[in-house]
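Structure at a glance
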Amino acid sequence: MHELSLASAIVDTVERHADGNRVTVISLRVGALRQVVPESLELYVELVGRGTVCEGARVEVELVHARLACCGGEWEPPSFRCPSCGGGGRVVAGDEFLVESLQLEEVEECIART
Amino acid sequence: MHRTYVKVLEDVLDANGTIAAANRADFDRARVTVVNLMSAPGAGKTTLLERSLRGLDVRVGVVEGDVASTLDADRIARLHVPVVQIDTDPGFGGECHLDANMVRSALPSLRLDELDLLVIENVGNLVCPAEFVVGEHHRVMVSSVTEGEDKPLKYPLMFRACELVIVNKADLLPHLHFDLDRYFEHLDAVHPGVRRMLVSATTGDGIDEWRDWLTAVAAREVVPA
């Protein structure tokens, strides 16, 4: 799925939180249901990040497997149907698409000694 | 130099969500019900609209989304229905889906106060449109029998994102090796119990139920099961 426009959105989000500091690591959490190819996303974030505080940052993608819940049990796709009641399961994992956290390199101000 | 860890926990599509909420507020203020109509290319969205909007007893407008051309908007315009065409190619980079920002750009061209119902015919694509809310109240997809029984299994997000699946081109069933029961099994595996309608936009079969559904959502009634 068009990882380029997603990468732009990620770089925008990161820039807002980086407060001008250089970013060394961008941690993303991507659910398996979100139709995103992690390697492709990493590549595009790298590309889009050039010339911004994200330049050179390592992109880490945590892929979260989909899990559904119903009738006190949990299971994984391809079926979204509850094995007990046959109804629709509730998605408890695999729906996420977050910028989880950042690691920044902050330059300490020089304190003049007298 | 020291390293700082910053917790962000922000959804990547937050910005789109914010604009979608603004669109939704505008729709609610004008009391317009909005339906986001999605499908693979060629499933029959425009033909379905041509068949069902004529003579509908609600004031309806259409937003057409395509990568290029005004062909679809031209077809809808012939029904004397207000229509705006969004082409994603010029100005939006040829996007494969409509997002909230694109839809917002089309709103000034519509008199929302003079509408009860707005149908947004999305770009033909079974993948991306499901990811981008645009401020709609309802998400409906058109699935056609010529696409094969396995489509729900292959595109679970789209089939799960929609509250109604219109199964189109029913008139072609005698000519296809399409197992309708198997298709419904797959549909229920992915979105158990989702509402579905078997129709033919070409012959008109099943269209009354779809028109009744549109009329009910436009009146903001509880849609009968």
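The model shown is predicted, which means the values in this text are computed figures rather than measured ones.

Glancing now at the confidence of the model for chain A. Per-residue pLDDT for chain A averages 91, and the proportion of residues at 70 or more is 92%. No element of chain A has a lower mean pLDDT than helix 1 (residues 3-18) of chain A, at 92, and none a higher one than strand 3 (residues 67-70) of chain A, at 97.

Residue and element names in this part refer to chain A. Two elements in contact, helix 1 and helix 2 (residues 38-49), have axes separated by 8 Å at closest approach and are oriented at 55 degrees. Here helix 2 runs oblique to helix 1, going by the angle between their axes. Considering only the axes of helix 1 and helix 2, their crossing is right-handed. On helix 2, the residues touching Glu3, Leu4, Leu6, Ala7, Ser8, Ile10 and Val11 of helix 1 are Ser40, Leu41, Tyr44, Val45, Val48 and Gly49. The residue makeup of the contact of helix 1 with helix 2, split by class, is 9 nonpolar, 3 polar and 1 charged.

Turning to the interface of chain B and chain A, a few remarks are in order. At the interface, 27 residues of chain B touch 36 residues of chain A. Buried surface at the junction of chain B and chain A, summed over both partners, amounts to about 2900 Å²; 55% is from carbon and sulfur atoms. Summed over the shared surface of chain B and chain A, the result is 4 salt bridges. The residue Glu10(B) makes a salt bridge to Arg16(A) at a minimum N-O spacing of 2.9 Å. For the pair chain B and chain A, the number of links is 14 residue pairs in polar contact (both at pLDDT 80 or more). Those elements that place two or more of their residues in the side of chain B that touches chain A are strand 1 (2-11), helix 7 (156-161) and helix 8 (180-190) of chain B. A total of 10 residues in the side of chain B that touches chain A trace back to one element, the largest contributor, which is strand 1 of chain B. For strand 6 (residues 97-106) of chain A and strand 1 of chain B, the ladder comprises 8 bridges, and the chain directions are antiparallel. Within the sheet, the bridge partner assigned to Glu106(A) lies in strand 1 of chain B and is His2(B).

Before going further, it helps to spend a moment on the sheet that holds strand 4 (residues 83-87) of chain B. Residue and element names in this part refer to chain B. Spatially, 4-3-5-2-6-7-8 is the arrangement adopted by the 7 strands of the open sheet, whose pairing is parallel. Each edge of the open sheet is held by one strand with a lone partner, namely strand 4 and strand 8 (195-198). Across the sheet, the mean angle from the axis of one strand to that of its neighbour is 20 degrees, orientation sign disregarded. Judged from the 4 bridges that link them, strand 7 (residues 164-168) and strand 8 form a sheet pairing that is parallel. Bridge pairing in strand 8 places Val165 opposite Arg196. Docked against the sheet, helix 2 (residues 45-53) engages strand 2 (33-39), strand 3 (60-66), strand 5 (117-121), strand 6 (138-144) and strand 7, running at close to 170 degrees with respect to strand 3.

All names here are of chain B. Compared with an ideal rise of 1.5 Å per residue, which puts 12 residues at 16 Å, helix 9 (residues 207-218) spans 16 Å between its outermost C-alpha atoms and is within 8% of the ideal. Here helix 9 has its buried residues at Ile207, Trp210, Trp213, Leu214, Ala216, Val217 and Ala218. Lining the buried residues of helix 9 we find strand 2, helix 2, strand 5, strand 6, strand 7 and strand 8. The positive-phi residue at the C-terminal boundary of helix 9 is Arg220, with phi of around 55 degrees.

Residue and element names in this part refer to chain A. Most of strand 6 is tucked away, with 8 of its 10 residues classed as buried. Bridge analysis of strand 1 (residues 22-31) against strand 6 gives 8 bridges, and the strand direction is antiparallel. When the sheet's bridge partners are listed, Val23 is paired in strand 6 with Leu104.

Criteria and cut-off values
- Residues numbered from 1 in each chain as written.
- Chains lettered and ligands numbered in written order.
- Predicted model: local features only at pLDDT ≥ 70, side-chain atom pairs only at ≥ 80, totals over all residues.
- Heavy atoms only, no water.
- pLDDT = per-residue confidence, 0-100.
- Helix = DSSP H or I, 4+ residues; strand = E, 2+ residues; numbered from the N terminus.
- Axes fitted to C-alpha atoms, helices over the stretch in contact; angles between N-to-C directions.
- Parallel < 35°, antiparallel > 145°, perpendicular 65-115°, else oblique.
- Left-handed = near helix turned anticlockwise from the far one by under 90°.
- Contact = heavy atoms within 4.5 Å.
- Nonpolar A, V, L, I, M, F, W, Y, C, P; charged D, E, K, R; others polar.
- Buried area = accessible area lost by both parts, 1.4 Å probe.
- Salt bridge = Lys/Arg side-chain N within 4 Å of Asp/Glu carboxyl O.
- Polar contact = N/O pair within 3.5 Å; in protein donor to acceptor, adjacent residues only side chain to side chain.
- Pairing = 2+ DSSP bridges.
- Expected span 1.5 Å × (residues − 1).
- Buried < 20%, exposed > 50% of the residue type's maximum accessible area, 1.4 Å probe, protein only.

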